[in-house]
Amino acid sequence: MYKNNNATGTRHRWHRIRSKSLYQANGERFLALAGGTMSLLQIAQYIKNKMPAVGVKISTKPLADWKVKLAALLGNQKAKAIAPLLGVNRNASNQKAIKVLGWAPRSNETAVLAAAESLIKYSAIQ
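Owing to the predicted nature of the structure, the values given are computational and were not obtained by experimental measurement. (Residues numbered from 1 in each chain as written. Predicted model: local features only at pLDDT ≥ 70, side-chain atom pairs only at ≥ 80, totals over all residues. Heavy atoms only, no water.)

This part covers the nonpolar core. Among the nonpolar cores identified, the biggest contains 7 residues, and these are Tyr-46, Ile-47, Met-51, Val-54, Val-112, Leu-113 and Ala-116. At the level of elements, helix H2 (40-50) and helix H7 (108-121) are the ones that each hand at least two residues to this core. When residues of this core are assigned to their parent elements, the largest contribution, 3 residues, is made by H7. Leave out the neighbours within four places in its chain, and Tyr-46 touches Met-38, Glu-109, Val-112 and Leu-113. (Core = buried A, V, L, I, M, F, W, Y, C linked by side-chain atoms within 4.5 Å. Buried < 20%, exposed > 50% of the residue type's maximum accessible area, 1.4 Å probe, protein only. Helix = DSSP H or I, 4+ residues; strand = E, 2+ residues; numbered from the N terminus. Contact = heavy atoms within 4.5 Å.)

A few words on a nonpolar patch on the surface. On the surface, Trp-66, Leu-70, Leu-73 and Leu-74 cluster together to form a nonpolar patch covering roughly 520 Å² of accessible area. In this fold, Leu-70 is placed in helix H4 (residues 65-73). (Patch = residues over 30% accessible without salt bridge, like charges linked within 9 Å, V, L, I, M, F, W, Y side chains within 5 Å. Areas by Shrake-Rupley, 256 points an atom, 1.4 Å probe, with all protein chains shown as cover. Salt bridge = Lys/Arg side-chain N within 4 Å of Asp/Glu carboxyl O.)

A word on the packing of aromatic side chains. Evaluated as defined, the whole model comprises 0 aromatic pairs. Across from the ring centre of Phe-30, 5.2 Å away, lies the NZ or CZ of Lys-96, which sits over that ring. (Phe/Tyr/Trp six-rings, centres within 6.5 Å; stacked < 30°, edge-to-face > 60°. Lys NZ or Arg CZ within 6 Å of the ring centre and 35° of its normal.)

With respect to the helices and strands, the residue Gln-42 is situated in helix H2. Between the C-alpha atoms of Gln-42 and Thr-60, which are 18 residues apart in sequence, the distance is 8.4 Å. In this structure the side chain of Gln-42 is engaged in a polar contact, spanning 2.7 Å, whose partner is the backbone nitrogen of Ser-39. (Polar contact = N/O pair within 3.5 Å; in protein donor to acceptor, adjacent residues only side chain to side chain.)

So, in structure tokens, the structure goes:
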């Protein structure tokens, strides 16, 4: 059923099986989130601090929303993609998964470093 044999795929499979085996979880959906939210600036600063070799390529200078919106109006495709998300706070909770499944999520910091290491490992970034 699943082709992914890495640790994330295994964990995903376990949660899927566990959710099917619990009566309270029948038909429910669960968010597999780490802790609270981190801004892109916080993520950049954390990676720059913990992975200095990669961090030299990461900017930690905040970019004003109006500059992104102006770039979007002028046709910059990357700015067009992110402009609608400016100022949007996407708070979500993992409390249901913790309570019903007894799940213990990774910390945000651990998840960020694992994602960065995976991107490097699979040459998505250099």
